[in-house]
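# Architecture and fold: a report
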Amino acid sequence: MFLKERKYGHLIEVVELTDLFDPYQSQLVGRCHYGEELQEAEQYTKQELSFPSGEALPKCWIDPHYRDHELVR
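Please read all numbers here as calculations on a predicted model, not as lab measurements.

On to the overall build of the chain. When you go through the chain residue by residue, the secondary structure sums to 3 helices and 5 strands. The principal-axis extent of the C-alpha atoms belonging to the chain is close to 50 × 20 × 15 Å. Relative to its 73 residues, the chain shows a buried fraction of 25%. Across the chain, every contact between residues at least 6 apart in sequence was considered, and the portion connecting residues at least 24 apart equals 34%.

Structure representation (structure tokens):
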């Protein structure tokens, strides 16, 4: 799966999807797709990433207490 790095707009290939879907993981391992050579895998903070369309990641992937916020309303 590819995400976009908000700051630079580079595509990031997510190495472990379980880290992306786990709200208790604030970071994930990914590879930046920039230039012609395959880049080394690095840690990326989920808050710095979005879908390639620019849409934010779902709260259930980022915030382990996302359901608590819904109850307050």
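Here the focus is the sheet that holds strand β1 (residues 2–5). Spatial ordering of the open sheet is given by β4-β3-β2-β1-β5, a layout of 5 strands whose pairing is antiparallel. Of all the strands in the sheet, the pair left with one neighbour each is β4 (41–45) and β5 (49–50). Note that strand β3 (residues 27–33) and β4 share 5 bridges and pair antiparallel. In the sheet register, Leu28 faces β4, and the bridge partner there is Tyr44.

Looking now at the packing of aromatic side chains. Per the counting criterion, the structure on display carries 2 aromatic pairs. Of the aromatic side chains, those joined through ring pairs into one cluster are Phe21, Phe51 and Trp61.

Together, Met1, Leu17 and Phe21 line one region of the surface with nonpolar side chains, adding up to about 250 Å² of accessible area. The partly exposed category is assigned to Phe21, whose relative accessible area is 37%.

Before going further, it helps to spend a moment on the environment of Gln27. Relative to the helices and strands, Gln27 is located in strand β3. Look at Gln27 and you get partly exposed, because its relative accessible area is 33%. Measuring from C-alpha to C-alpha, the distance between Gln27 and Ser53 comes to 20 Å, with 26 residues separating the pair along the chain. Each residue touching Gln27, except ones within four places of it in the same chain, is listed here: Asp19, Gln43, Tyr44, Thr45 and Lys46.

Take the environment of Ile12 next. By secondary structure assignment, the location of Ile12 is in strand β2 (residues 11–14). A relative accessible area of 0% means that Ile12 is categorised as buried. Sequence spacing of Ile12 and Cys32 is 20 residues, and the spatial spacing of their C-alpha atoms is 4.5 Å. If we skip the residues at most four places from it in the chain, Ile12 touches Met1, Phe2, Leu3, Glu5, Gly30, Arg31, Cys32, Tyr44 and Leu49.

Conventions used here
Residues numbered from 1 in each chain as written. Predicted model: local features only at pLDDT ≥ 70, side-chain atom pairs only at ≥ 80, totals over all residues. Heavy atoms only, no water. Helix = DSSP H or I, 4+ residues; strand = E, 2+ residues; numbered from the N terminus. Buried < 20%, exposed > 50% of the residue type's maximum accessible area, 1.4 Å probe, protein only. Contact = heavy atoms within 4.5 Å. Pairing = 2+ DSSP bridges. Phe/Tyr/Trp six-rings, centres within 6.5 Å; stacked < 30°, edge-to-face > 60°. Patch = residues over 30% accessible without salt bridge, like charges linked within 9 Å, V, L, I, M, F, W, Y side chains within 5 Å. Areas by Shrake-Rupley, 256 points an atom, 1.4 Å probe, with all protein chains shown as cover. Salt bridge = Lys/Arg side-chain N within 4 Å of Asp/Glu carboxyl O.

These figures capture arrangement, not role.
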